[in-house]
Amino acid sequence: MGVHEPKTGDFSVDRGILDELSLDEVARKRTCRGPSLKERLRESARCSLPRLKVWLFSWLPVLSWLPRYKIRENGLGDLISGVSVGIMHLPQGMAYALLASLPPVYGLYTSFYPVLVYFIFGTSRHISVGTFAVISIMIGSVVERLAPDANFIPNITSNGSSVVEVDVAARDAYRVQIATALTLCCGLFQVVLGLVKFGFVVTYLSEPLVRGYTTGAATHVVISQLKYLFGISPERFAGPLSQIYILIDLCHRLPSTNIPTLVVSLVALAVLIIVKELNSYYSKKLPLPIPIELIVIIGATVISYYGNLNEIYNVHVVGEIPSGLVPPRVPDFSLFPSMVGEAFAIAVVGYAINISLGKTFSLKHGYKVDSNQELVALGLSNTVGSFFQCYSVTSSMSRSLIQESTGGKTQVAGVVSALIVLVTVLKLGSLFEELPKTVLATIVFVNLKGMFKQYMDIPALWKSNKVDLLIWVVTCTCTILLNLDLGLAASVAFSLLTVIFRTQLPKYYLLGWVPGTELYLDTETYEEAKEIPGVTIFRSSATVYFANAELYREALEDKSGININKLLKQKKKQAAKQKRLQAKEEKRAQKQKTKEVRGAENGMVSVAANGTAHPVHKETDSVHWRGSNGDLRRDSHCGNGVAPHSANGSVANGCINKGFEQEPEAHTCDVGDERTDDPIWEEVRSTEVSSGSGKHSIILDLSTVGFADTVTLKTLKNICRDFGEVDVTVYLAGCQVCVVQQLERGGFFTASIPKSHLFPSIHDAVLHCLNHRDKELPIYDCVLEIACVTQL
């Protein structure tokens, strides 16, 4: 085997044809044996100082980078970035707490404790963990389902009339219990999944699915905040189509809109949009983006306080914000059964958003993010935070972009932002008690701009991939109509179904040889790819498994043009004809023999030299017919029709065949002679041409097959057997090593299907077929070898 390079850009290979057996010898295949369970357990239990160090750094990533932290290089950037993100945490934390149906101060708690936990256990250097709109609205849907306002309306009688008023304090306290229990359950899910290395679960959430889901969730956020913009209180609806019912109810209540609240909303919305557009336009010229959200909050609070908007114009404000941190409290475990499904959905969605942002920044800045450790870090952030009255967190795209663009290099920026939030909670929280809730709603609206830009995915996906577009549209629609939990489940199920359908309905190709190369390409796509006479090369675009194995077989018969059932029926039909013909000839021979016996009894004699009369048996060349595979052949006891005489002039052991002497020469033929004037032969030939039985070899390109289940093994065996019955040999080519091992373990290779029928490439298989093209192929022996019968 030699490799020559005649000139740059070309190559030529000189080697023999390799099948799987010869390849194993040439390449010296190893007999791989993985470690036993006992060996793996012993290895995992082995302890050493380097192993302990690696284990400690993997579970506490902060130890791997904090001791080597370079203050001169990273200190200033992390400080500026942390202050900028901390300023964003304040308005977003309070605004997103309203989405979770909680008092705004709990959004500030959520922006403090989980950030510190992620600083210790996280592996991403640039994401900003904290409140997020989608997670907040998922939390709020569970909170309002388990603690609706109707459960906290005591009947108070005043001056003989019944007054309906919600006990806000009791309602908020119970909602906080629900939110913390839900967060703990979500965190435990994430920690357990991370410990069992289940980080790959997020791979089932494709990018179109995640973007469609977040877009649908953004619609939920907008609908939930409309009541704050218009100053109205619609009824609460739950279950499928609840968002449609809420919109209808809002439209009915529009005449009762609080005009002062609407004016505040429109002014705040206009200021936020204008300044944010200026920030985007002059992003390269501004050292830091203008903190317009914080400026609007401060300005609205001052105007509300001095204008007494709450009492005079009935503009709803945030209300009491307690100063200081709350002591830790154990969540209520008894609430777990009523929220397990939602907790798992929040855990998966939160992790999907977190790891997608983390990997985006890691690729940009050239470091690695551990997906399983990220799952553990996010789970610990939620678990620890639930004991300090926090609700579920994930990374925020807007804050993460600010943290990265303002010079943040490590999670020290997160610690700085947490300190900003801490100072606000301890000293400045009470100053925001007169902040109108509608201003927080406008902040939520403006921060959803990036999510609503995702509607531009529709034209892009229409051009690139319509299946992904279908996933995006179905996910967004299901999320809006079926709510967040059922919408996610339906979207994942639909996404997996598209994969199944695409593997069940793959494209099948017939490959042809490109002259002058060893390449075999689709004959329909490439003009120069020509089919090799007598050889069919078949390929599927997807792996072959139990769901599409039967379709694979049907496509093979259709593409090859070989109708196995039709050929087998024709074969049986011709065999039956031969059997009837053989029986007819045997009956004719028996009658002839009977005539000969009767002639001998009639006194036919021969006279010897001494005058003695001897009886002579008049035999007319006794003909025997023997068949081999339906081949009828003429066997005479004497070949020349002349009876040999003995020395005394008698006919010794003679035979007389008068009929053979008179038979015209044109009526005799050899066994293998093909009688073109035979109507049976013409029928057989027309059947062969129409059925495509001129093919003698089929090569199955299995390079796309990644595994071989039992159904695949059985299907391949049946293909080899059925095509073998019509004298077409099936070869396999391009199998991966794992597939070959599965074929061996499944007992695929037998005496009828030897391993020498497996080739490492299509070219090897084709050359093997061409080298054997001249040998006599036993095609339909029972039909083709029809003997010519001599008429007596």
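Because the structure is a prediction, the values reported are computed rather than measured.

Examining the overall build of the protein
Regarding its fold elements, the protein presents 30 helices and 16 strands. For the protein, with 792 residues in total, the buried portion stands at 45%. Pairs at least 24 residues apart make up 78% of the contacts formed inside the protein by residues separated by at least 6 positions. Working note: accessible area of the protein is about 41,500 Å², and carbon and sulfur atoms make up 60% of it.

Observations regarding the packing of helix 5 (residues 71-99) against helix 19 (residues 437-447)
Helix 19 packs onto helix 5 with a crossing angle of 100 degrees between their chain directions and a minimal axis gap of 9 Å. As the angle between them shows, helix 5 and helix 19 are arranged roughly perpendicular. Facing Pro91, Gln92, Met94, Ala95, Tyr96, Leu98 and Leu99 of helix 5, the residues of helix 19 in contact are Lys437, Leu440, Ile443, Val444 and Asn447. Residues of the contact of helix 5 with helix 19, tallied by class, amount to 9 nonpolar, 2 polar and 1 charged.

Comments concerning the sheet that holds strand 14 (residues 697-701)
By way of backbone hydrogen bonds, the strands of a sheet pair with one another, either parallel or antiparallel. Spatially, 8-7-9-14-15-16 is the arrangement adopted by the 6 strands of the open sheet, whose pairing is mixed. Two strands close off the open sheet at either side, each with one partner strand: strand 8 (520-522) and strand 16 (758-759). Pairing between strand 14 and strand 15 (residues 729-733): 5 bridges, direction parallel. Note that in strand 15 the partner of isoleucine 698 across the bridge is valine 730. Those strands touched by helix 29 (residues 762-771) are strand 7 (508-513), strand 8, strand 9 (535-540), strand 14, strand 15 and strand 16, and its axis lies near 175 degrees from that of strand 14.

A closer look at the side chain of threonine 215
Positionally, threonine 215 belongs in helix 10 (residues 207-230). Using a relative accessible area of 0% as the deciding quantity, one classes threonine 215 as buried. Discounting chain neighbours no more than four positions away, the residues touching threonine 215 are Met451, Gln454, Tyr455, Trp472 and Cys476.

With respect to the environment of aspartate 167
One can find aspartate 167 in the loop between strand 5 (161-164) and helix 9 (168-195). Between the C-alpha atoms of aspartate 167 and proline 154, which are 13 residues apart in sequence, the distance is 7.2 Å. Apart from residues lying up to four places away in sequence, aspartate 167 is in contact with Phe152 and Pro154.

What to know about the pairing of strand 14
Extensive coverage of strand 14 is indicated by the burial of 5 of its 5 residues. Bridge count between strand 9 and strand 14: 5 bridges; the pairing is parallel. When the sheet's bridge partners are listed, threonine 536 is paired in strand 14 with isoleucine 698.

Some thoughts on helix 1 (residues 20-27)
Among all positions of helix 1, only Glu20, Ser22 and Asp24 are buried. Turning to helix 1, the residues buried within the fold contact helix 28 (737-745) and strand 16. With a side-chain oxygen positioned 3.2 Å from the backbone nitrogen of leucine 21, the residue opening helix 1 is aspartate 19. Just past helix 1, the residue arginine 28 takes up positive phi, approximately 55 degrees.

Some words on the environment of serine 417
Relative to the elements of secondary structure, serine 417 occurs in helix 18 (residues 412-428). Each C-alpha atom of the pair serine 417 and histidine 89 lies 7.6 Å from the other, and the pair is 328 residues apart in sequence. Contact partners of serine 417, with chain neighbours within four places excluded, come to Gly82, Val85, Gly86, His89 and Val115.

Scoring rules and cut-offs
- Residue numbers restart at each chain and count upward from 1, following the sequence in its written direction.
- Totals for whole chains, interfaces and linings use all residues, but because this is a predicted model, local features are given only for residues with pLDDT of at least 70 and pairs of side-chain atoms are given and counted only at 80 or more.
- Where side-chain values are given, they derive from all heavy atoms of the structure, hydrogens and water being excluded.
- Under the DSSP-based scheme used, a helix requires at least four consecutive residues in state H or I and a strand at least two consecutive residues in state E, with every element numbered from the N terminus.
- Remark: exposure states derive from per-residue accessible area (1.4 Å probe, protein chains only) relative to the maximum for the residue type, with buried under 20%, exposed over 50%, and partly exposed in between.
- The contact definition used throughout considers only heavy atoms, calling two residues in contact when any of these lie within 4.5 Å.
- Only the protein chains shown count as cover for residues, with accessible areas throughout obtained via the Shrake-Rupley method and a probe of 1.4 Å.
- Axis definition: a line fit to C-alpha positions, over the contact stretch in the case of helices; interaxial angles, taken between N-to-C directions, run 0 to 180 degrees.
- Orientation is classified from the angle alone, with under 35 degrees giving roughly parallel, over 145 giving roughly antiparallel, 65 to 115 giving roughly perpendicular, and any other angle giving oblique.
- Under the scheme applied here, ten amino acids are nonpolar (Ala, Val, Leu, Ile, Met, Phe, Trp, Tyr, Cys and Pro), four are charged (Asp, Glu, Lys and Arg), and all others, including Gly, are polar.
- At least two DSSP bridges between two strands are required for those strands to pair.
- Polar contact is defined as a pair of N or O atoms within 3.5 Å, subject to the rule that within protein one atom must be able to donate a hydrogen and the other to accept it, and that residues adjacent in sequence are counted only when both atoms are side-chain atoms.

These figures capture arrangement, not role.
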